[in-house]
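This is what each chain is made of:
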Amino acid sequence: MHCPFCRHPDSRVVDSRTSDDGSSIRRRRQCPQCNRRFTTVETASLSVVKRSGVTEPFSREKIANGVRKACQGRPVSEDDLAVLAQRVEETLRSSGSAEIDAYEIGLAILGPLRELDEVAYLRFASVYQAFDSLEDFEAAITVLRADREEREERSSGAAADDGLDAEGGSGPAPAGTAASAAQPG
């Protein structure tokens, strides 16, 4: 690391700290030549390999822009798009690969977008997965409906399994408990 002040080709690390989100490391350095201190920020690079074979740096903004088009006219805020782009980046970085195929990015977008807005998901999927017919849309909608019904069954099943009766109580207390002992006999 060259000193930004005197251009000396070496420096000594005085302190290292990870950033709040853990995606980068801040290092405080000192130049042995001029003794001035400076800070560097290190991040792992993530590159996207496009269909044409061209490689370019990953951009959260490109993710948000692509999804923004699918969300046009939908109740999705800019904050929602930023969170979605962050989730996609975290998913891609967790793969451990420095180069990601553009197709994999689209796959990583589909899950969080589906949770965010089903209509936007269908719009994005129709372009990304190249829907050719109404049957493609119908199949995607059928899968969405089946998943929604499954989630509803699980949530209603969980409510029934918590042991509460219709009034919110737990039903009569078993004999020999504090509730039955407190009643006059």
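Note that the structure is a prediction, hence the values are computed from the model and not measured.

1. With respect to the overall build of the chain
Secondary structure assignment for the chain yields six helices and six strands. Helices and strands in the chain line up, N terminus first, as β-β-β-β-β-α-α-β-α-α-α-α. Considering only intrachain contacts with a sequence separation of at least 6, the fraction spanning at least 24 residues in the chain is 40%.

2. Brief notes about the pattern of salt bridges
A complete count under the given rule lists 14 salt bridges for this structure. Arg74 is the partner of Asp117 in a salt bridge, and the nearest nitrogen-oxygen pair spans 3.0 Å. Note that Asp117 is positioned in the loop between α3 (102-116) and α4 (118-128) and Arg74 in the loop between α1 (60-70) and α2 (78-94), a separation of 43 residues in sequence. Overall, the relative accessible area of 7% leaves Asp117 in the buried class. Judged by its relative accessible area of 31%, Arg74 is partly exposed. Between Arg148 and Glu118 there is a salt bridge; the shortest N-O distance is 2.3 Å. Within this pair, whereas Arg148 is found in helix α5 (residues 134-160), its partner Glu118 is found in helix α4, the two being separated by 30 residues in sequence. Among the charged side chains, a network of salt bridges with common partners joins Arg27, Arg29 and Glu42.

3. Quick notes on the packing of α3 against α4
The interhelical angle for the contact between α3 and α4, taken along N-to-C directions, is 160°, at an axis separation of 7 Å. Considered as vectors, α3 and α4 are oriented roughly antiparallel to each other. Crossing of α3 against α4: the hand is left-handed. Contacts between α3 and α4 involve Ala102, Tyr103, Glu104, Gly106, Leu107, Ile109, Leu110, Leu113, Arg114 and Leu116 from the former and Glu118, Ala120, Tyr121, Phe124, Ala125 and Tyr128 from the latter. Split into classes, the residues belonging to the contact of α3 with α4 amount to 12 nonpolar, one polar and three charged.

4. Description of α4
When we look at burial in α4, the residues that qualify are Ala120, Tyr121, Leu122, Phe124, Ala125 and Ser126. In this structure Asp117 caps α4, since a side-chain oxygen of it lies 3.0 Å from the backbone nitrogen of Val119. Backbone geometry just after α4 places Ala130 at a positive phi near 50°.

5. Thoughts on the packing of aromatic side chains
Summed over all chains, the structure comprises three aromatic pairs. Here Tyr103 and Tyr128 contribute two aromatic rings whose centre-to-centre distance is 5.4 Å and whose plane-to-plane angle is 20°, an arrangement assigned as stacked. Of this pair, Tyr103 sits in helix α3 while Tyr128 sits in helix α4, placing them 25 residues apart in sequence. Ring plane angle 15° and centroid distance 5.8 Å describe the contact between Phe124 and Tyr128, whose orientation is recorded as stacked. Taken as a pair, Phe124 and Tyr128 lie in helix α4 at a separation of four residues, close to a single helical turn.

6. Re a positive patch on the surface
Positive charge collects at one region of the surface, where Arg12, Arg26, Arg28 and Arg37 lie side by side. Along the chain, the position of Arg28 falls in strand β2 (residues 24-30). Here Arg28 falls in the partly exposed class, since its relative accessible area comes to 31%.

7. Focus on the sheet that holds β2
One open sheet holds the three strands; their spatial order is β1-β2-β3, and the pairing between them is antiparallel. Because the sheet does not close on itself, it has two edges, and the strands there are β1 (12-18) and β3 (37-43). Averaged over all pairs of adjacent strands, the angle between strand axes in this sheet comes to 25°, irrespective of strand direction. As judged from the seven bridges shared by β2 and β3, these two strands associate in the antiparallel manner. Looking at β3, one finds that Arg29 is bridged to Phe38.

What counts and what doesn't
- Residues numbered from 1 in each chain as written.
- Predicted model: local features only at pLDDT ≥ 70, side-chain atom pairs only at ≥ 80, totals over all residues.
- Heavy atoms only, no water.
- Helix = DSSP H or I, 4+ residues; strand = E, 2+ residues; numbered from the N terminus.
- Contact = heavy atoms within 4.5 Å.
- Salt bridge = Lys/Arg side-chain N within 4 Å of Asp/Glu carboxyl O.
- Buried < 20%, exposed > 50% of the residue type's maximum accessible area, 1.4 Å probe, protein only.
- Axes fitted to C-alpha atoms, helices over the stretch in contact; angles between N-to-C directions.
- Parallel < 35°, antiparallel > 145°, perpendicular 65-115°, else oblique.
- Left-handed = near helix turned anticlockwise from the far one by under 90°.
- Nonpolar A, V, L, I, M, F, W, Y, C, P; charged D, E, K, R; others polar.
- Polar contact = N/O pair within 3.5 Å; in protein donor to acceptor, adjacent residues only side chain to side chain.
- Phe/Tyr/Trp six-rings, centres within 6.5 Å; stacked < 30°, edge-to-face > 60°.
- Patch = residues over 30% accessible without salt bridge, like charges linked within 9 Å, V, L, I, M, F, W, Y side chains within 5 Å.
- Areas by Shrake-Rupley, 256 points an atom, 1.4 Å probe, with all protein chains shown as cover.
- Lys, Arg positive; Asp, Glu negative; His and termini not counted.
- Charge placed at Lys NZ, Arg CZ, Asp CG, Glu CD.
- Pairing = 2+ DSSP bridges.

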